[in-house]
Amino acid sequence: MDWEALIVSYLLGFVLLNILLVLMAYMTWFERRLVAFFQDRIGPNRTGPFGLLQPIADGVKLISKEDIVPANADRLIFLVAPLLSFVLAPLGALVVPFGDSITLFGRQINLYVIDINVATLYFLAVGSMGVYGIILGGYASGNRYSLLGALRSTAQVISYELVLGLSLVGIFILTGSLSLVEILRAQQRTLILGGLELPNWFILSQPLAFVLFLIAAVAETNRAPFDLPEAETELIAGYFTEYSGFRFSFYFLAEYINMIVVSLIAATLFLGGIDGPFIDGIWWLVAKAFIFLFFYVWLRATLPRFRYDQLMGLAWKVLLPLALINIGVTGLVRLWGIGAL
Amino acid sequence: MAIEVLIFYLLAGVAIAAAAGVVLARNPVHSAVSLVLSFINVAAIYVVLRAEFLAVAQIIVYTGAIIVLVLFVLMLVQQQDLPEFHGGRPLRRAVGFLLGLALLAEVAAAILTRSLRGAPGSWTPEAVAAVGGNIQAIGRELYSAYMLPIQATALLLLAATIGALFLARPELVEERLAVARRLFTISLAHPRGVDTLQPVAELPAPQDGQLKPAGGDRSLVMARTAEEFTEQPAWGESRR
Amino acid sequence: MPVQLVAPDWSLLVPPLVVLGTILVLLAADLVLPRERQAGLTVVALLGLAVSLVSLLAIDWTAGASTFGGMYRADSFSLFVSLVALVAGILSILVSAGYVESGIEPGGMALAEYLSLLLFSVLGTMLVGAAGDLLMIFLGIEMSSLAVYALTAFARRRLTSIEGALKYFLLGAFATAIFLYGIAWVYGLTGSIMLDDIAGALRDIVQGDAPVEASLLLALLLLAVGLGFKVAAVPFHMWTPDAYQGAPTPVSAYMSVVPKVAGFAAMARVLVQGLSPLSEQWLLLIAILAFITMVYGNVVAIAQRDVKRMLGYSSIGHTGYMLAGLAAFTSLQPGDRSVGSMLFYLFAYAFMNIGAFGVVAWLQERGQGVDLEDFQGLAARSPLAAIAMTIFMLSLMGMPPLIGFYAKYYVILALIEAGLLWLAVAIVIMSAVSAFFYLRVVAVMYFNEPAGAWQPARTPLLGAGLAVMALGNLALGLFSGPVLDLAQRWALAFA
């Protein structure tokens with residue numbers, strides 16, 4: 001066994017996790033400032049310059065609060081569920097390629113933690129596991145609002161996961177691989193269309209899949225306008241009604257880390273990841289992911305929440321058929337050799 | 001090599017312990033969670049065996065979808081309605097226990113005296129690597145040698161879907177309303193699904209279409225239609 | 001490198017493909033036509049099955065050709081299984097013709113879904129018959145029983161229907177798991193799921209007098225138990241009475257035959273074709289199963305007042321007779337009667353049992369219940385229906401010259417040739433026992449006064465179906481030779 005490669009992978013993973021945690025903290029600041037801007041308010045600006053120390057103050061506050069366990073809670077599951085959510089959230093980032101490879105201390109080091117040939121499926125699998133934190137938390141709280149939130153989230157995540165997975169099949173057909181590294185390489189090629197040189201990004205060849213992925217990803221991360229599991233106005237925060245202190249903060253962290261990971265994956269799958277004009281590099285990936293994060297906040301500030309049956313109808317009656325049509329068309333195009341690369 | 005064997009024993013041990021937990025737990029939700037744990041360990045064993053696709057498929061399908069649905073059902077059913085898991089007559093339990101023990105002995109004997117035969121297939125690790133990985137290898141096999149079973153499976157699932165759709169389909173609007181008036185329950189706090197926990201035949205007749213919440217703790221009064229609830233029609237549905 | 005796609009011989013698959021096409025037509029029609037105008041779908045389904053039946057003629061079954069790498073076999077065995085499945089399907093649809101729309105079941109039943117699920121089950125049974133490997137057998141059995149689970153619950157407002165379906169489904173799923181575990185063991189021990197390869201590998205393993213390995217016995221046991229559930233052999237019969245009683249009557253008629261055909265076809269394929277080198281081990285097991293099944297079914301049926309439930313127990317008894325046919329297996333020589341007698345029994349059973357349930361449905365459409373009392377004085381009210389029911393009861397009992405007699409006769413003949421005299425004697429005794437509850441129905445019809453309200457109803461298709469089955473019991477009994485010859489060709493398929 002190649003121990004050195006293993007250790008390097010672990011180190012990379014560790015670094016990545018810490019970066020994600022810091023990013024997540026500032027994502028909250030970013031969101032609050034941005035939403036405030038949308039709503040013609042100011043937002044947090046007192047703690048530190050531009051309120052930049054606000055996330056740290058929030059963190060300290062949450063950790064120092066009392067950890068309350070309701071009397072009729074299913075104690076063990078109640079304690080474990082938020083951890084589950086939190087641990088699973090950053091795992092998806094492990095397969096994102098942040099670049100090719102660099103030479104450091106005489107060793108060639110790949111700028112991704114792992115390249116498995118089922119990377120995209122792995123991302124979906126981790127996402128599907130993440131729902132357990134929500135269901136179990138909602139169930140264990142012994143509270144009807146929480147239970148309703150958990151049930152909603154179950155149905156929602158299962159429905160939208162189908163759309164999420166099916167929207168990617170077009171890309172698999174075009175690249176012939178499920179590995180994110182391979183998909184990235186396929187996008188680094190150049191497409192020449194009537195004298196016009198275009199990057200071979202999949203947003204151009206799979207625009208429908210991109211839209212579907214975007215919608216499903218928002219639903220999958222339980223964000224507005226699909227935030228029914230935690231709908232404040234009807235469910236009093238849904239599955240985490242009963243949580244307080246740092247256990248609450250775990251759910252909070254998980255939600256934001258999920259957003260960041262999904263943005264990174266979306267940027268890699270559809271926008272060419274690190275590919276860009278001038279010099280390829282990680283900055284392009286960050287910039288693209290930032291666009292998605294902005295989009296998330298923009299949605300939240302703009303759209304009202306869906307009604308439950310609209311949410312389900314949208315997934316099963318609109319998005320799923322569209323995804324299937326997209327797969328069929330892509331397959332035919334590939335079969336007839338027009339899109340073969 | 002030794003480290004892989006060690007990892008295997010660790011994973012297998014946890015998987016078996018979790019599987020035992022499924023049977024021994026008194027709370028059905030705990031059983032389901034144990035099952036998830038067992039499945040994840042089995043998936044990890046697949047990874048050790050270099051069957052990544054199988055591992056991920058196991059997680060997506062079994063833990064990500066099937067057990068989630070099991071939990072869904074467990075949460076919809078009221079806990080006191082569930083049958084006693086560890087009940088039963090003592091004699092019956094003893095017979096069951098002995099039969100289980102006999103089966104276990106048989107399986108143990110079979111495993112201890114096993115002799116696996118058959119030549120190794122053509123998919124050696126090199127052949128798998130040559131086509132690009134085990135997804136590609138599985139894809140090739142499925143859509144050439146196993147074409148007929150794949151198509152038959154598709155038909156099987158179609159049949160299952162038709163059956164499930166018929167059994168789970170909400171009644172026609174008028175019928176559904178009649179049922180709803182008698183039950184006064186709604187599922188997931190939305191006005192469409194109707195939760196028929198009690199058999200309709202055994203319920204009191206509707207009182208001339210009046211919406212009158214009867215007693216009991218499950219008494220959420222519902223709107224007659226989704227349109228009454230809000231002004232928006234559902235996605236993909238035209239306004240009636 | 002491009003993937004080499006298979007180039008199957010589609011002409012061999014014409015009969016199942018016709019059934020599949022009919023299903024798709026039914027589903028499309030359900031989408032397009034409003035509910036009120038769907039009555040014609042019954043005729044569409046009947047036509048589809050009839051065309052499939054005719055298309056059986058177009059294939060040279062004696063050649064024993066196979067396609068999809070040997071997973072689909074068009075041999076004499078698959079011909080007969082397809083024949084029985086299609087005939088039973090047609091008869092069941094005739095029986096259900098008026099019932100589905102009539103509103104006997106509270107809340108009604110959806111015709112298009114009903115018919116398409118029924119055809120799915122027929123299709124699955126045909127696939128089992130033609131399967132060349134364990135995977136296709138598994139998929140075929142599942143298709144044939146999954147559709148029937150849903151059909152059992154089709155009266156979804158009636159609690160007994162749901163209860164029967166739930167028991168059937170849970171135990172069926174359990175049996176499937178056991179069967180799959182058996183398949184896994186067989187694959188591990190022989191390295192193949194193709195039946196012929198399994199037989200070849202086993203021949204090498206069980207040479208000589210050495211005791212058979214425990215693992216082989218375990219595999220055999222698991223497969224036998226799994227299939228035992230599917231054919232409702234005692235002690236794996238728990239679901240049967242409740243499911244038969246709870247299901248809508250035409251569904252009871254159907255599920256007493258076609259899923260059973262699938263189960264027995266799978267048994268023949270797995271045990272006789274695949275595991276024949278282990279026959280010393282499984283023959284005794286099957287013989288014992290056959291004995292306890294026929295005794296239990298016939299004895300418990302005596303106590304039943306509900307005719308559907310009585311027929312459920314009697315169906316268990318008949319499973320015992322069919323198993324006895326299988327237990328008479330000696331070798332894969334053309335002279336061996338065992339599997340042939342079992343196949344003929346299944347064919348005969350379709351005409352007897354669907355007919356009996358058909359009369360029950362006929363009564364239900366005239367406002368009667370399903371208890372013995374509801375048959376009181378039927379002879380006075382409708383002599384024809386009474387005669388038909390009498391024929392079915394006598395045939396089930398085994399009265400010459402009806403088809404039921406010949407079915408039992410061939411099984412007994414096979415048993416005597418195989419030297420299993422005790423089982424042959426058991427069949428005769430149990431037939432005598434069964435006379436008690438079959439003749440009771442006849443006696444009630446002829447010697448009691450009519451009671452209860454009578455609502456006249458018009459059921460042309462059901463009437464025609466009953467007439468066909470009653471005549472079939474007579475005619476096919478008197479001229480059973482050609483059908484039996486067809487069934488006897490099974491040995492060519494397995495050799």
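Residues numbered from 1 in each chain as written. Chains lettered and ligands numbered in written order. Predicted model: local features only at pLDDT ≥ 70, side-chain atom pairs only at ≥ 80, totals over all residues.

- Per an unreviewed UniProt entry, the recorded name for chain C is NADH-quinone oxidoreductase subunit N, and the organism is Thermalbibacter longus.
- According to its UniProt record, chain C has this under Sequence similarities (unreviewed entry): "Belongs to the complex I subunit 2 family."
- The UniProt entry for chain C carries this comment under Subunit (unreviewed entry): "NDH-1 is composed of 14 different subunits. Subunits NuoA, H, J, K, L, M, N constitute the membrane sector of the complex." (UniProt positions renumbered as here; feature names shortened; annotations may be inferred.)

- An unreviewed UniProt entry annotates chain A as NADH-quinone oxidoreductase subunit H of Thermalbibacter longus.
- Under the UniProt heading Subunit (unreviewed entry), the note attached to chain A is "NDH-1 is composed of 14 different subunits. Subunits NuoA, H, J, K, L, M, N constitute the membrane sector of the complex."
- Quoted verbatim from the Catalytic activity (unreviewed entry) field of UniProt, the annotation for chain A is "a quinone + NADH + 5 H(+)(in) = a quinol + NAD(+) + 4 H(+)(out)".

### Focus on the overall build of chain C
Phase 1: Scanning chain C for helices and strands turns up 21 helices and two strands.
Phase 2: Its C-alpha atoms give chain C a radius of gyration of 22 Å, within 12% of the compact-globule value 23 Å for 495 residues.
Phase 3: Partitioning the contacts of chain C with sequence separation of at least 6, the portion at a separation of at least 24 is 81%. (Helix = DSSP H or I, 4+ residues; strand = E, 2+ residues; numbered from the N terminus. Rg over C-alpha atoms; globule rule 2.2 N^0.38 Å. Contact = placed C-beta atoms within 7 Å.)

### Here we look at the overall build of chain A
Phase 1: Within chain A, the secondary structure is distributed over 12 helices and four strands.
Phase 2: Looking at chain A residue by residue over its 341 residues, the buried ones come to 48%.
Phase 3: Look at the contacts in chain A between residues 6 or more apart in sequence, and 75% of them connect residues 24 or more apart. (Buried ≥ 20, exposed ≤ 12 C-beta atoms within 10 Å, placed from the backbone.)

### Some words on the packing of helix α17 (residues 403-417) of chain C against helix α18 (residues 421-447) of chain C
Residue and element names in this part refer to chain C.
Phase 1: Their axes nearest at 7 Å, the elements α17 and α18 cross at an angle of 155°. One way to sum up the angle between α17 and α18 is to call them roughly antiparallel. Crossing angle aside, the handedness with which α17 passes α18 is left-handed. Contacts from Lys408, Val411, Ile412, Leu415 and Ile416 in α17 reach Leu421, Leu423, Ala424, Ile427 and Ser431 in α18.
Phase 2: Split by residue class, the contact of α17 with α18 holds eight nonpolar, one polar and one charged. (Axes fitted to C-alpha atoms, helices over the stretch in contact; angles between N-to-C directions. Parallel < 35°, antiparallel > 145°, perpendicular 65-115°, else oblique. Left-handed = near helix turned anticlockwise from the far one by under 90°. Nonpolar A, V, L, I, M, F, W, Y, C, P; charged D, E, K, R; others polar.)

### Here's the deal with the nonpolar core
Phase 1: The biggest cluster of nonpolar side chains holds 212 residues, and the ones touching the most others in it are Val261, Ala327, Leu346 and Leu423 of chain C.
Phase 2: The residues touching Leu423 of chain C, leaving out its near neighbours within four places in the chain, are Ala287, Ala290, Phe291, Ala324, Ala327 and Leu415 of chain C.
Phase 3: By size, the runner-up hydrophobic cluster in this structure holds 117 residues, among which are Ala209, Tyr256 and Leu314 of chain A together with Ala43 of chain B. (Core = buried A, V, L, I, M, F, W, Y, C linked by C-beta atoms within 7 Å.)

### A look at helix α3 (residues 75-88) of chain A
Phase 1: Helix length check: α3 of chain A, at 14 residues, gives a terminal C-alpha distance of 21 Å against a target of 20 Å (1.5 Å per residue), a fit within 8%.
Phase 2: The largest bend in α3 of chain A amounts to roughly 25° and is located at Ala81 of chain A, with the proline Pro82 of chain A lying one to four residues further along.
Phase 3: Where α3 of chain A is concerned, the buried positions are Ile77, Phe78, Ala81, Pro82, Leu84, Ser85, Phe86 and Leu88 of chain A.
Phase 4: In this structure, the buried side of α3 of chain A is in contact with α4 (119-140) and α10 (245-270) of chain A together with α2 (28-48) of chain B. (Expected span 1.5 Å × (residues − 1). Bend = angle between axes of the 7 residues up to and from the residue.)

### Focus: the confidence of the model for chain C
Interpreting fine coordinate detail is not advised for predicted regions of low pLDDT.
Phase 1: The pLDDT averaged across chain C works out to 87; a share of 97% of its residues lies at or above 70.
Phase 2: Interface confidence for the predicted complex, expressed as ipTM, amounts to 0.89; the pTM equals 0.84. (pLDDT = per-residue confidence, 0-100.)

### Quick look at the UniProt feature "transmembrane region" (unreviewed entry) in chain A
All names here are of chain A.
Phase 1: Here the UniProt-annotated "transmembrane region" (unreviewed entry) positions come out as residues 6-29, 76-99, 119-141, 162-181, 201-219, 250-270, 282-299 and 311-336.
Phase 2: Structurally, residues 119-141 comprises 96% helix and 0% strand, and the distance from its first C-alpha atom to its last is 34 Å.
Phase 3: Annotation note: span residues 250-270, helix share 100%, strand share 0%, distance between end C-alpha atoms 30 Å.

### Re the packing of helix α14 (residues 338-365) of chain C against helix α19 (residues 460-478) of chain C
Residues and elements named next belong to chain C.
Phase 1: Where α14 meets α19, the axes come as close as 9 Å, and the angle between the chain directions of the two elements is 150°. When the axes of α14 and α19 are compared, the pair comes out roughly antiparallel. Crossing geometry of α14 relative to α19 is assigned as left-handed. Facing Phe351, Met352, Ile354, Gly355, Gly358, Val359, Ala361 and Trp362 of α14, the residues of α19 in contact are Leu462, Gly465, Leu466, Met469, Ala470, Gly472, Asn473 and Leu476.
Phase 2: Tallied by class, the residues present in the contact of α14 with α19 amount to 11 nonpolar, five polar and no charged.

### Considering helix α20 (residues 481-488) of chain C
All names here are of chain C.
Phase 1: Three or more residues of α20 are buried, namely Leu484, Ala487 and Gln488. Each buried residue of α20 lies within a common arc of 100° when the element is viewed along its axis, so the set occupies one face. Away from the buried face of α20 by more than 90 degrees, exposed residues Pro482 and Asp485 are located.
Phase 2: Turning to α20, the residues buried within the fold contact α3 (76-102), α14, α17 and α21 (490-494). (Arc of directions from axis to C-beta.)

### Focus: unusual backbone geometry
Phase 1: Cis geometry is adopted by the peptide bond preceding Pro235 of chain C, which originates at Val234 of chain C and carries an omega value of 10°.
Phase 2: Assignment of secondary structure puts Pro235 of chain C in the loop between α8 (214-231) and α9 (239-246).
Phase 3: Between Pro400 of chain C and Pro401 of chain C the backbone carries a cis peptide bond, its omega angle lying at 5°.
Phase 4: Along the chain, Pro401 of chain C turns up in the loop between α16 (383-397) and α17.
Phase 5: Here the phi dihedral of Asp40 of chain A falls at roughly 60°; this positive angle occurs in a residue that is not glycine.
Phase 6: Position of Asp40 of chain A relative to the elements: it lies in the loop between α1 (3-38) and α2 (54-63).

### Some thoughts on the environment of Trp282 of chain C
Residue and element names in this part refer to chain C.
Phase 1: Structurally, Trp282 can be placed in helix α12 (residues 279-301).
Phase 2: For Trp282 and Leu221, which are 61 residues apart along the polypeptide, the C-alpha to C-alpha distance reads 8.4 Å.
Phase 3: Non-local contacts of Trp282, meaning those with residues more than four positions away in its chain, are made with Leu220, Ala224, Leu271 and Leu275.

### Focus on the environment of Gly64 of chain B
Phase 1: With respect to the secondary-structure elements, Gly64 of chain B resides in helix α3 (residues 52-76).
Phase 2: Here the alpha-carbon distance between Gly64 of chain B and Asn27 of chain B, two residues 37 residues apart in the chain, equals 21 Å.
Phase 3: Apart from residues lying up to four places away in sequence, Gly64 of chain B is in contact with Ala125, Ser128 and Met129 of chain A together with Ile59 of chain B.

### A word on the environment of Ile67 of chain B
Residue and element names in this part refer to chain B.
Phase 1: With respect to the helices and strands, Ile67 occurs in helix α3.
Phase 2: Along the primary structure Ile67 and Ala159 are separated by 92 residues, whereas in three dimensions their C-alpha atoms are 22 Å apart.
Phase 3: If near-sequence neighbours (up to four positions away) are discounted, Ile67 is found in contact with Ala32, Leu35, Val36 and Tyr62.

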